[in-house]
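Here's the letter readout for the chains.
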2 protein chains.
Amino acid sequence: MVSELEQPQAITLDEAAQIADEVKELIEAGEEHSAWELLQNLHPADIGTIIAGLPRASRDAIISVMSPDTVAWILHQMNPVEAGRVATRLGSNILSFALAQAHPRQVLNVLDRLPVRRAREVAASLEPLESAEMLEYAPDTAGDLMVGQTPTTHIDSLTGEAREVLRSLEDIRQKLTHLFLVGNDGELVGQVSVVELALAENETPLREIASPLVATVTTDTPALECARLQRHYNVTQLPVTKDERLVGVILAEHLLAATVELDTRQMQRVANVAGETVGGPLSSSIRTHLPWLMINLGTTFLAAGTVSLFESTLAQVVVLAAFLPVVAGQGGIGGTQTLTLIVRAIALGELVGIGARRLLMREALLGLLHGVVLGVLVAVIALLWKQNPGLGLVLGLAMLGNMVIAGTVGAGVPLFLRRVGIDPAVSSAVVVTTFTDVFGFLLFLGIASASINLIT
Amino acid sequence: MVSELEQPQAITLDEAAQIADEVKELIEAGEEHSAWELLQNLHPADIGTIIAGLPRASRDAIISVMSPDTVAWILHQMNPVEAGRVATRLGSNILSFALAQAHPRQVLNVLDRLPVRRAREVAASLEPLESAEMLEYAPDTAGDLMVGQTPTTHIDSLTGEAREVLRSLEDIRQKLTHLFLVGNDGELVGQVSVVELALAENETPLREIASPLVATVTTDTPALECARLQRHYNVTQLPVTKDERLVGVILAEHLLAATVELDTRQMQRVANVAGETVGGPLSSSIRTHLPWLMINLGTTFLAAGTVSLFESTLAQVVVLAAFLPVVAGQGGIGGTQTLTLIVRAIALGELVGIGARRLLMREALLGLLHGVVLGVLVAVIALLWKQNPGLGLVLGLAMLGNMVIAGTVGAGVPLFLRRVGIDPAVSSAVVVTTFTDVFGFLLFLGIASASINLIT
């Protein structure tokens, strides 16, 4: 009855995984054509994802039976972030062809994710003008996110004229929720929602159904700020200006994809693996991971140096060594808990009006309370385990002190980094655990050295 | 010229922080009325955020000069997640009044975030029927996220009839991008975009401008899956069904707010502080942090026990103790890097078609490569620092082994937890660092014991 409305339906991740397995088996059996038959009835977003997940040889095999046009169409139908992920897995020829037909923002998104040499190679094969306009703008800015079209009409025109403007915006009109309204000098003065356009008569002046613009961004507003404005003010699309003139619009769906991507990178930054794709080439993983492993190596040797200062104490009471991971481990966890909350609150703009001093005091107090509970607990455990009351006392005190340090630096480090303009997500974790390691060992072994008579 | 279109403009976080400071100073000087004058011209989203950030006494003072209606209006204008955060900071009386006028979803969102006793108290003061309908649905499901209105029209009607349906949906019509189309038995058969409604004549049959539905969810579809469908398929609003009948719609703006909230909780879960609000009451922070600090304490004693097994070796070569944090620290960082990537990729559905075995092999190999580089490096550093070639060799080998373990468990643990149906974000980190601590110490001290002649 409604056959004209049928099209590929959404599937679950489990269904996608199962189809992916079947496709892989068919390709391995040399039946690429049957594999493609299985895929072609899916939604382009699923075709793209499944192809991206195939092992290299299978991916090349299935692409060889698809037309380049189909590949281009698939990329075009996907959200920009996922399209970027898929595109990086394709061969240069296919990619150049597909990108030649893609939206400039997608082209950039893909080029951003390729190794530099391959990106240059692909970019060289594209028509230079194709993406020149968008290439002006830095990555992760409004200019980078926007669609370079300007859905505007004059504020003194009638609904019927706005309808014609909407009709003329073939490519993006389905994704618009508002038309922007401009004054005599082309300045932005408001907006009109498509819903009101749908309800008004052609003769209704737009002024009667117009609404104010809450937020406007410029081409170099950071993507993170665009996402915040969208979320905080419940705005569906954001007008982008440059030199006071409207140059584009950020659509809700692009903002959502960008927000999730920004969140992903924030999580990855805390673990210092930003920009990494699971299952990508090993060489790129090594380039991402190894520098931070090296930096961390430096900090662990700082901790090692601290322990080394107390070698004579350790020689006298070798059992102290066993408790080193307890002091350091708890401090690290406590610091990371606080840090995670603060880094995220900073990113979401939740700290407005909450003074840094108040926050630091609060987290130090929280650390103190945790420290009392954990200090008593470890003291008792150490006493029962090693039958050494002095050791229990020393361990308990060190634990107490290190939890206060953990709370203080867990909050203080990201707040300080933000103050000096460094992204707290990037380096907070390594600084905080260095503090809790070094000061934890200093406290524990220092107190032990000072009260060596108690524990021997 | 366009004064009718003026309304509060968006401000930056820095501007908001500055206004918050001025408001705080005015209130502390006893000038609540001037403080409110400063606030009242802002966007409700900013008023709410600034009030939420004030210290308790100042917050109560400023609320005393606002009408409860204003508070209710502010909450209503904010996105549901931020409104929930603000509401938890308000006194019970104000809150009861504001919630009595709020959307059921917001009521639930707020009640979700209150301590149980306070939630019961506030809920008891509300009209029971007010939120009964939404209370049926579990938190973080489509039923919980949806607006319980059904913007539908029959597929065989004309554009003019759809316009009347849209007009009748006063409350949410500004937020709709599509009307859903139903067949004779009320079954969902498609949708029509508001853009097409704006362009079509009243006499145009809807069938001519209808488009297919890509994704439909049921009331108990998890919010995370709704967000994935929205993003993956570029869908602006999702129809929600129950027993095959349309019961509501999830709007794009609610999905974005929910997505950011889910991302926040995912980050917090990795650090085991899920659901915590920065600057909230200390008691709730302790309830969130302490259980995980206790669990972690157990795992650090596991590590301590491992070290303790080798006390006689440590007594012979006390310098080994200094290197314990190096082996454990690097393993922990390496494991966490891999883990962060895998947990996020699982949450975003990026692992479709990428087999677990292939991923494990890849991460183990990556660990091996890191291990070779870091192993050689630490061996050289240890040799130069302690002039002990045997020690360098033992440390290098242990590092190599522990990096392979880090890569394998960093990928293996979240993949396994997902397979058995446990959220990998919740417990992966503690399991992975336990592995890298315990096996790191076992390897390092085990090899040292076996080759004790080399290092003494």
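Residues numbered from 1 in each chain as written. Chains lettered and ligands numbered in written order. Predicted model: local features only at pLDDT ≥ 70, side-chain atom pairs only at ≥ 80, totals over all residues. Heavy atoms only, no water.

## Focus: the interface of chain B and chain A
Part 1 of the argument: The interface is formed by 144 residues belonging to chain B together with 144 residues belonging to chain A.
Part 2 of the argument: Here chain B meets chain A over a buried area of about 12,800 Å², counting both sides, of which 66% is carbon and sulfur.
Part 3 of the argument: Across the pair B:Arg173 and A:Glu196 runs a salt bridge, and its minimum N-O distance is 3.4 Å.
Part 4 of the argument: At the boundary of chain B with chain A, the tally comes to 45 residue pairs in polar contact (both at pLDDT 80 or more).
Part 5 of the argument: Per-element tally for the side of chain B that touches chain A: the top contributor is helix 19 (residues 320-347) of chain B, with 18 residues.
Part 6 of the argument: The residue inventory of the side of chain B that touches chain A, partitioned by class, reads 81 nonpolar, 41 polar and 22 charged. (Contact = heavy atoms within 4.5 Å. Buried area = accessible area lost by both parts, 1.4 Å probe. Salt bridge = Lys/Arg side-chain N within 4 Å of Asp/Glu carboxyl O. Polar contact = N/O pair within 3.5 Å; in protein donor to acceptor, adjacent residues only side chain to side chain. Helix = DSSP H or I, 4+ residues; strand = E, 2+ residues; numbered from the N terminus. Nonpolar A, V, L, I, M, F, W, Y, C, P; charged D, E, K, R; others polar.)

## Focus on the environment of B:Ser96
All names here are of chain B.
Part 1 of the argument: By the secondary structure assignment, Ser96 is in helix 7 (residues 92-100).
Part 2 of the argument: The spacing of Ser96 and Asn388 is 292 residues in sequence and 71 Å in space, taken between C-alpha atoms.
Part 3 of the argument: Apart from the residues within four sequence positions on either side, Ser96 is in contact with Val122, Ser125 and Leu126.

## Re the sheet that holds strand 2 (residues 178-182) of chain B
Residues and elements named next belong to chain B.
Part 1 of the argument: Taken in spatial order, the three strands make up an open sheet running 1-2-3, and their pairing is mixed. Unpaired on one side and paired on the other, strand 1 (152-154) and strand 3 (188-193) mark the two borders of the sheet. With strand direction ignored, the average angle separating the axes of adjacent strands in the sheet is 35°.
Part 2 of the argument: Looking at chain direction, strand 2 and strand 3 are connected through five bridges and run antiparallel. Paired with Leu179 across the two strands is Val192, which belongs to strand 3. (Pairing = 2+ DSSP bridges. Axes fitted to C-alpha atoms, helices over the stretch in contact; angles between N-to-C directions.)

## Examining helix 2 (residues 32-40) of chain B
Note that an α-helix has 3.6 residues per turn; residues three or four places apart therefore point the same way.
Residues and elements named next belong to chain B.
Part 1 of the argument: Listed in full, the buried residues belonging to helix 2 are Ala35, Trp36 and Leu39. Each buried residue of helix 2 lies within a common arc of 95° when the element is viewed along its axis, so the set occupies one face. Turned more than 90 degrees away from the buried face of helix 2 sit His33 and Glu37, all of them exposed. (Buried < 20%, exposed > 50% of the residue type's maximum accessible area, 1.4 Å probe, protein only. Arc of directions from axis to C-beta.)

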